Amino acid sequence: MEITVREYKREDIPAMCEIWNDIVEEGKAFPQIETLSLAEAEEFFASQSFTGVAVEGDQIVGLYILHPNNIGRCGHLANASYAVKKGLRGKGIGEKLVRHSIRKGSELGFKILQFNAVVCTNTPAIHLYEKIGFHRLGTIPRGFLDGDGVYQDIILYYIELP
């Protein structure tokens, strides 16, 4: 079946919340420690500049959030986070989400998409970002405390938007 990416709908929130919370609980990629309740998820996803979902048939298989990375004179910089459903990773869903976010960021007037904290152990994400053309800015040693209590390096990336 084909995977499409679209703007989320309110009825998508339970599936989105489950995917998001799985990644938070894994403690390997997102900085959040606390999971989202359905009410918190509804508010969180609605507060983004754009929230997209990857859909296969009638199933939500991934999502992303897109928002300003900063304010004022740096408000043209966007940031995004991506989440793919457990058990479906490695099937190209993440790439569809990232490429959609690049187009959507440009549509929204952002000039650059910047990632502040790609965990060094997240090799699939690193490979994907570099394949797409993101530039590595540098590394912050021990910038991420993973779910096992180990400090991991984080890598900063950016790409200019069309």
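Description of the structure in this document.

1. With respect to the pairing of strand β7 (residues 151-160)
Link 1 in the chain: With six bridges connecting them, strand β5 (residues 112-119) and β7 associate as antiparallel partners. By the bridge assignment, Ile112 is partnered in β7 with Glu160.
Link 2 in the chain: Looking at chain direction, strand β6 (residues 135-145) and β7 are connected through seven bridges and run antiparallel. Pairing of Thr139 across the sheet is with Ile155, part of β7.

2. Some details on the pairing of strand β4 (residues 77-84)
Link 1 in the chain: Of all eight residues in β4, eight are buried, a share of seventy percent or more.
Link 2 in the chain: Across seven bridges, the pairing between strand β3 (residues 59-68) and β4 is antiparallel. Note on β4: the bridge partner recorded for Ile65 is Ser81.
Link 3 in the chain: Sheet topology places β4 next to β5; two bridges connect them, and they run parallel.

3. As for the nonpolar core
Soluble globular proteins: nonpolar side chains tend toward being buried together.
Link 1 in the chain: In this structure, Tyr82, Leu113, Phe115, Tyr129 and Phe134 are the most contacted members of the largest nonpolar core, which totals 29 residues.
Link 2 in the chain: Those elements that provide at least two residues to this core are β2 (50-56), β3, β4, α3 (93-107), β5, α4 (123-132) and β7.
Link 3 in the chain: The contacts of Phe115, once residues within four sequence positions are left out, are Asn79, Ala80, Tyr82, Tyr129, Phe134, Ile155, Leu156 and Tyr157.
Link 4 in the chain: Ile13, Ile19, Ile23 and Phe30 belong to the second-largest nonpolar core, a separate cluster that totals 18 residues.

4. As for the pattern of salt bridges
Where charged atoms of side chains with opposite charge meet at close range, the side chains can pair.
Link 1 in the chain: A complete count under the given rule lists nine salt bridges for this structure.
Link 2 in the chain: Lys28 serves as the salt-bridge partner of Asp148, at 2.6 Å between the closest nitrogen and oxygen. Placement of Asp148 in the loop between β6 and β7 and of Lys28 in the loop between α1 (13-26) and α2 (38-46) is noted, with a sequence separation of 120 residues between them.
Link 3 in the chain: Judged by its relative accessible area of 59%, Asp148 is exposed.
Link 4 in the chain: On the basis of relative accessibility, which here comes to 34%, the residue Lys28 falls in the partly exposed class.
Link 5 in the chain: The partner of Glu95 in a salt bridge is Arg99, with the nearest N and O atoms 2.9 Å apart. Of this pair, Glu95 and Arg99 both sit in helix α3, four residues apart, which is roughly one turn of that helix.

5. As for the environment of Ile65
Link 1 in the chain: By the element assignment, Ile65 lies in strand β3.
Link 2 in the chain: Assessed through its relative accessible area of 3%, Ile65 is described here as buried.
Link 3 in the chain: Separated by 15 residues in the primary sequence, Ile65 and Phe50 have C-alpha atoms spaced 6.0 Å apart.
Link 4 in the chain: Ignoring anything within four residues of it in the chain, the contact list for Ile65 reads Trp20, Phe44, Phe45, Gln48, Phe50, Thr51, Asn79, Ala80 and Ser81.

6. Quick notes on the sheet that holds β5
Where strands meet in a sheet, backbone hydrogen bonds hold them as pairs that are either parallel or antiparallel.
Link 1 in the chain: Reading across the sheet, the seven strands line up as β1-β2-β3-β4-β5-β7-β6 and stay open at both edges, with mixed pairing between neighbours. Looking along the sheet, the strands with just one partner apiece sit at the ends: β1 (3-7) and β6. Strand after strand, the sheet turns through a mean of 25 degrees between neighbouring axes, direction not considered.
Link 2 in the chain: Here α4 sits on the sheet and contacts β4, β5, β6 and β7; the angle it forms with β7, its principal contact strand, is near 20 degrees.

Rules used in this analysis
- Residues numbered from 1 in each chain as written.
- Predicted model: local features only at pLDDT ≥ 70, side-chain atom pairs only at ≥ 80, totals over all residues.
- Heavy atoms only, no water.
- Pairing = 2+ DSSP bridges.
- Helix = DSSP H or I, 4+ residues; strand = E, 2+ residues; numbered from the N terminus.
- Buried < 20%, exposed > 50% of the residue type's maximum accessible area, 1.4 Å probe, protein only.
- Core = buried A, V, L, I, M, F, W, Y, C linked by side-chain atoms within 4.5 Å.
- Contact = heavy atoms within 4.5 Å.
- Salt bridge = Lys/Arg side-chain N within 4 Å of Asp/Glu carboxyl O.
- Axes fitted to C-alpha atoms, helices over the stretch in contact; angles between N-to-C directions.

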